[in-house]
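# A look at the structure
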Amino acid sequence: MVQRTLSIIKPDATCRNVTGEINHMIEAAGFRIIAQKRILITLEQAKKFYEVHQEKPFYNDLCEFLSSAPAIVQVLEKENAVLDYRTLMGSTNPASADEGTIRKKFAISIDKNSVHGSDSPENATIEIKFFFSETEIVG
């Protein structure tokens, strides 16, 4: 079944100008990028986006990081997109990420791990609507 998932290329990756290389890995893995834009996420938007983590000790640092520089938000499409993109991203901690994953290749640390991907089809729908209107998604 064809699914959609949200991808964010985070500030650590955009600041190092590796977005094209990450997009190449995404497309080489069979995903279609059906929406994409470069934005500066405000601190308020970051807090709302990550509100599920608000009780965790890393919440404030995570929100400040996401709003620290431009990010690329994307809608990816393919069969089993959510699980397949999480596999392509690799472990949150790049030190334990598998070879050939985005985080193994580009992440700086567990905090600056270059990409975000939705963790379930339900959250993908919510996260995509957070950043995109239906008219911005061209399948």
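In what follows, the accompanying structure is described.

### Comments concerning the nonpolar core
Counting 19 residues, the largest nonpolar core has Ile8, Phe131 and Phe132 as the members making the most contacts within it. Elements supplying a minimum of two residues to this core: strand 1 (2-9), strand 2 (32-39), helix 3 (43-49), helix 4 (59-66), strand 3 (71-79) and helix 7 (121-131). Ranked by the residues each element gives to this core, the list is headed by helix 4, at four residues. The contact partners of Ile8, leaving out residues within four places of it in the chain, are Phe49, Leu66, Ala71, Ile72, Val73, Ser114, Val115, His116 and Phe131. One finds Ile9, Val18, Met89 and Ile102 within the second-largest nonpolar core, a separate group that totals 16 residues.

### Observations concerning unusual backbone geometry
One non-glycine residue with positive phi stands out, namely Asn17, at about 60°. Summarising the element assignment, Asn17 is placed in the loop between helix 1 (11-15) and helix 2 (19-28). A positive phi angle is found at Asn80, which is not glycine, with a value near 55°. Its location among the elements puts Asn80 in the loop between strand 3 and helix 5 (81-89).

Conventions adopted
- Residues numbered from 1 in each chain as written.
- Predicted model: local features only at pLDDT ≥ 70, side-chain atom pairs only at ≥ 80, totals over all residues.
- Heavy atoms only, no water.
- Core = buried A, V, L, I, M, F, W, Y, C linked by side-chain atoms within 4.5 Å.
- Buried < 20%, exposed > 50% of the residue type's maximum accessible area, 1.4 Å probe, protein only.
- Helix = DSSP H or I, 4+ residues; strand = E, 2+ residues; numbered from the N terminus.
- Contact = heavy atoms within 4.5 Å.

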